[in-house]
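Listed below, chain by chain, are the residues.
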Amino acid sequence: MLDRITNMFDTVAKSGHGSVWLVLFIGFVFGAIILYSRLDKFEKMAGFMIFEDTLVPRMAMTTVALSSVGFYFLVESGYATFDVKPTILGGLILGAILFGIGLVILGKCPSAFFVSVSEGRVDAFVGVIGGMFGGLFFTLGYPWIKELLGEDLGKIRITDYFDGYGLVITLALSATLLTTAYLLPTIDYKDPADDR
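Thresholds, definitions, all that
- Residues numbered from 1 in each chain as written.
- Predicted model: local features only at pLDDT ≥ 70, side-chain atom pairs only at ≥ 80, totals over all residues.
- Heavy atoms only, no water.
- Helix = DSSP H or I, 4+ residues; strand = E, 2+ residues; numbered from the N terminus.
- Contact = heavy atoms within 4.5 Å.
- Areas by Shrake-Rupley, 256 points an atom, 1.4 Å probe, with all protein chains shown as cover.
- Lys, Arg positive; Asp, Glu negative; His and termini not counted.
- Charge placed at Lys NZ, Arg CZ, Asp CG, Glu CD.
- Core = buried A, V, L, I, M, F, W, Y, C linked by side-chain atoms within 4.5 Å.
- Buried < 20%, exposed > 50% of the residue type's maximum accessible area, 1.4 Å probe, protein only.
- Phe/Tyr/Trp six-rings, centres within 6.5 Å; stacked < 30°, edge-to-face > 60°.
- pLDDT = per-residue confidence, 0-100.
- Expected span 1.5 Å × (residues − 1).
- Axes fitted to C-alpha atoms, helices over the stretch in contact; angles between N-to-C directions.
- Parallel < 35°, antiparallel > 145°, perpendicular 65-115°, else oblique.
- Nonpolar A, V, L, I, M, F, W, Y, C, P; charged D, E, K, R; others polar.
- Salt bridge = Lys/Arg side-chain N within 4 Å of Asp/Glu carboxyl O.
- Polar contact = N/O pair within 3.5 Å; in protein donor to acceptor, adjacent residues only side chain to side chain.

> Requested: an account of the overall build of the protein chain, with residues and values cited.
Within the protein chain, the regular secondary structure consists of eight helices and zero strands. Its helices and strands taken in sequence order, the protein chain reads α-α-α-α-α-α-α-α from the N to the C terminus. Based on the C-alpha atoms only, the size of the protein chain along its principal axes is roughly 55 × 50 × 40 Å. Long-range pairs, those at least 24 residues apart, make up 65% of the contacts in the protein chain between residues at least 6 apart in sequence. For the protein chain, the accessible surface area stands at approximately 14,400 Å², while carbon and sulfur atoms represent 71% of it. Counting 14 positive and 19 negative side-chain charges, the protein chain places the averaged centre of each group 3 Å from the other.

> How would you explain the nonpolar core if you had to name every residue and give the values?
Ile34, Leu39, Met45, Leu55, Val56, Leu103, Ala112 and Val115 together form the largest nonpolar core, which totals eight residues. Going through the elements one at a time, helix 4 (55-76) and helix 6 (110-118) are the ones with two or more residues in this core. If sequence neighbours within four positions are ignored, Val115 has contacts with Gly31, Ile34, Leu35 and Asp40.

> With reference to specific residues and values, describe the packing of aromatic side chains.
Each aromatic ring pair is specified by the distance between its two centres and by the angle formed by the two planes. Throughout the structure, instances matching the rule amount to two aromatic pairs. Here the aromatic rings of Tyr72 and Phe73 are separated by 5.5 Å at their centres, their planes lie at 85 degrees, and the arrangement is edge-to-face. Relative accessible area serves as the criterion here: at 44%, Phe73 is assigned to the partly exposed category.

> An account of the confidence of the model for the protein chain is needed here, citing residue identities and associated values.
In the predicted model, the protein chain carries a mean pLDDT of 80, and the fraction of residues at 70 or more is 91%. Across the protein chain, element-level confidence peaks in helix 8 (residues 166-183) with a mean pLDDT of 91 and bottoms out in helix 1 (residues 2-14) with 71.

> Let's hear about helix 2 (residues 20-37): which residues, and what values?
The terminal C-alpha atoms of helix 2 lie 26 Å apart, and with 18 residues this matches the ideal 26 Å at 1.5 Å per residue to within 8%. Of the residues trailing helix 2, Arg38 is marked for its positive phi of about 65 degrees.

> An account of the packing of helix 3 (residues 42-49) against helix 4 is needed here, citing residue identities and associated values.
As a packed pair, helix 3 and helix 4 sit with axes 8 Å apart at the nearest point and diverge in direction by 95 degrees. One finds that helix 3 runs roughly perpendicular with respect to helix 4. On helix 4, the residues touching Lys44, Met45 and Phe48 of helix 3 are Leu55, Val56 and Pro57. The residue inventory of the contact of helix 3 with helix 4, partitioned by class, reads five nonpolar, no polar and one charged.

> Summarise helix 3; cite the residues concerned and give the values.
Since the α-helix turns once every 3.6 residues, residues separated by three or four places project in the same direction. Among all positions in helix 3, only Lys44, Met45, Ala46 and Gly47 are buried. Those residues of helix 3 that are buried lie in contact with helix 4 and helix 5 (89-106). Positioned one or two residues after helix 3, Phe51 has a phi angle of 60 degrees, which is positive.

> For the pattern of salt bridges, give the residues involved together with the corresponding values.
According to the stated counting rule, one finds one salt bridge in the structure shown. Linking Lys155 and Asp83 is a salt bridge whose minimum nitrogen-to-oxygen distance equals 2.9 Å. Taken together, the residues span a long stretch of sequence, with Lys155 in the loop between helix 7 (122-149) and helix 8 and Asp83 in the loop between helix 4 and helix 5 at a distance of 72 residues. Residue Lys155 is classed as partly exposed on the basis of its relative accessible area, which comes to 47%.

> Pulling in residues and values, what's your account of the environment of Thr139?
With respect to the secondary-structure elements, Thr139 resides in helix 7. A polar contact of 2.8 Å, which involves the side chain of Thr139, links it to the backbone oxygen of Gly135.

> Tell me about the side chain of Thr87, and please be specific about residues and values.
Residue placement: Thr87 occurs in the loop between helix 4 and helix 5. Under the relative-accessibility criterion, Thr87 is labelled buried at 16%. Not counting residues up to four positions away in its chain, the partners in contact with Thr87 are Leu92, Glu151, Asp152, Leu153, Gly154 and Ile156.

Rendered as structure tokens:
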């Protein structure tokens, strides 16, 4: 068991993403942002699901908009690389449905689970255990599941259709997301249970 944990840290250190300490530091910063914005709270996600809270979509749009521009320049300058995953339409649809069901039932996205577990929330721990069993089921059943996912449509990118306009597309999509996030009304969900 200890060998596997050591091997995990060695893999991270040798993958070219920086030292293990840098990766841990970035993880702690990410967790602190989630805690500060209260995105690990069930009430925030529940409010978003019933269209009575706009914090989640505004933060998601702002994050994607800003990070995509930064990531574009990191890739262009050679400081980062990425690999586009193949488009398997059946897998995307099935995965989106399962992800949505899990999000509605547990009121958290996967990244917030571990933040909530660190706070001692039992509901999040149950979700983590469920995710582990889901991963085990997927791994063991992959030969059967693969038949349900459909054909591989290849690695599709928007920039493939507009060659040479990568920066324009990135800036246009980022501007659209930032504008939408800015124009969304600020609605803060109040849980009726808090008034009791």
